[in-house]
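Residue-level listing of the chains:
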Amino acid sequence: MTIAQQTLAAEGLTLGYDGRVISKDLDVSVPAGSFTAIIGPNACGKSTLLRALSRLLAPTEGQVILDGRAISEYGSKEVARRLGLLPQTSIAPDGISVFDLVSRGRFPHQSLLRQWSDADEDAVREAMEATNIVHLADRSVDELSGGQRQRVWLALVLAQQTQLLLLDEPTTFLDIAHQIDVLNLCRSLHARGNYTLVAVLHDLNMAFRYADNVIAMRDGRIVAQGAPADIVTAELVHEVFGLRAVCVDDPVTGKPMIVPLDAIPDTPGDAGSGDGS
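Below: a short report on this structure. Computed from a predicted model, the values in this text were never measured in an experiment.

Turning our eyes to something else, we now look at the pairing of strand E2 (residues 20-30). For strand E1 (residues 8-17) and E2, the ladder comprises seven bridges, and the chain directions are antiparallel. Within the sheet, the bridge partner assigned to Gly16 lies in E2 and is Val21. Hairpin connection from E1 to E2: two residues lie between these consecutive antiparallel strands, with Asp18 at a positive phi of about 50 degrees.

And the structure:
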């Protein structure tokens, strides 16, 4: 089933925590149907931007626009029916089964007048099939490996049946094989044509390989936006990360690939805690 893709943008955002400004005057447009990667050094504002786009963080100035309306005008359940978020850290209740956790993705569709239905059952089954975790349905989430758990959380988001998926560092703490596994799954979902994905990613070459749109950030500002082939250069990498590198073609995809020249950046990175990552 083809469903119209939701649109997402931000205009003039000023973002921060406890009176501390992290980003100011951000303008962002996420192309409908894109796989967008947000990249940048630690504490540059990547996760803060994603939190604002998902309405977890209210901007002090500016607004996020979802489907032509300010996201603040929607009710919480309506946002959750339009936009799914996989946060950076997720904690499952002790002893909960995979099926029960994925089923929680159907909460936005429930009400006093609409309880669990065949449509909910189908949505959960389809989400588990898409993430290849059907065989884990009765297992406790506590028993799973990191890669399996990440698939379960992604299935929960898919069960919401939104066309906008926001993923905050979905490959964190995973080994290289599981990172590839999760990103291949994201690419597979994107290839179906019904999803717009926005992911905060730390690995530059992974971001350039899988994404078709990149937002590069530093010091709370957006340095560049666009297709990897259009914006990725050695100069951009130096400006964003302070890292000397050469930009070559990925031998597998032909997309840009970064080869560092220095083991340590030649200029100091951003200081501070992970609050503004």
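Next comes the rest of the write-up.
Time to look at the environment of Leu174. Inspection of the secondary structure assignment puts Leu174 in the loop between strand E7 (164-168) and helix H6 (176-191). Measuring from C-alpha to C-alpha, the distance between Leu174 and Lys255 comes to 24 Å, with 81 residues separating the pair along the chain.

To continue, consider the layout of surface pockets. Approximately 420 Å³ is the volume attributed to the largest pocket. Taken together, 21 residues make up the lining of the largest pocket; nearest its centre are Leu56, Ala80, Leu83, Leu85 and Gln160. At the level of secondary structure, the elements contributing two or more residues to the lining of the largest pocket comprise helix H2 (76-82), strand E6 (83-86) and helix H5 (146-159). The biggest single contributor to the lining of the largest pocket is E6, with four residues. Grouping the constituent residues of the lining of the largest pocket by class yields 12 nonpolar, seven polar and two charged.

To continue, consider unusual backbone geometry. Even without being a glycine, Ala43 presents a positive backbone phi close to 65 degrees. Secondary-structure assignment places Ala43 in the loop between strand E3 (35-39) and helix H1 (46-53).

Here we come to H6. Note on helix geometry: an α-helix contains 3.6 residues per turn, so any two residues three or four positions apart are oriented the same way. Under the 1.5 Å per step criterion, the end-to-end length of H6 is 22 Å for 16 residues, consistent within 8% with the ideal 22 Å. Among the residues of H6, Gln179, Val182, Leu183, Leu185, Cys186, Leu189 and His190 are the ones counted as buried. Seen along its axis, H6 keeps its buried residues to an arc of 150 degrees; they face one direction. The exposed residues of H6 that point more than 90 degrees off its buried face are Ile176, Ala177 and Ala191. Here the buried face of H6 lies against E3, helix H4 (118-130), H5, E7, strand E8 (196-200) and helix H7 (204-210). Between a side-chain oxygen at the N-terminus of H6 and the backbone nitrogen of Ala177 the separation is 3.1 Å; the capping residue is Asp175.

Pairing geometry for strand E11 (residues 245-249) and strand E12 (residues 256-260), over five bridges, is antiparallel. The partner of Ala245 across the bridge, within E12, is Pro260.

Before going further, it helps to examine the packing of aromatic side chains. Here the structure, examined in full by the defined rule, presents zero aromatic pairs. Directly above the aromatic system of Tyr74 lies the positively charged group of Arg69, at a separation of 4.2 Å from the ring centroid. The side chain of Lys77 reaches across the aromatic face of Phe107, ending 4.5 Å from its centre.

Criteria and cut-off values
- Residues numbered from 1 in each chain as written.
- Predicted model: local features only at pLDDT ≥ 70, side-chain atom pairs only at ≥ 80, totals over all residues.
- Heavy atoms only, no water.
- Pairing = 2+ DSSP bridges.
- Helix = DSSP H or I, 4+ residues; strand = E, 2+ residues; numbered from the N terminus.
- 1 Å grid on protein atoms, 1.4 Å probe; cavity = no way out; pocket = protein on both sides within 12 Å on 5 of 7 lines; lining within 4 Å.
- Points joined across faces, edges and corners; volume = space filled by probe spheres on them.
- Nonpolar A, V, L, I, M, F, W, Y, C, P; charged D, E, K, R; others polar.
- Expected span 1.5 Å × (residues − 1).
- Buried < 20%, exposed > 50% of the residue type's maximum accessible area, 1.4 Å probe, protein only.
- Arc of directions from axis to C-beta.
- Contact = heavy atoms within 4.5 Å.
- Polar contact = N/O pair within 3.5 Å; in protein donor to acceptor, adjacent residues only side chain to side chain.
- Phe/Tyr/Trp six-rings, centres within 6.5 Å; stacked < 30°, edge-to-face > 60°.
- Lys NZ or Arg CZ within 6 Å of the ring centre and 35° of its normal.

By themselves these figures say nothing about function.
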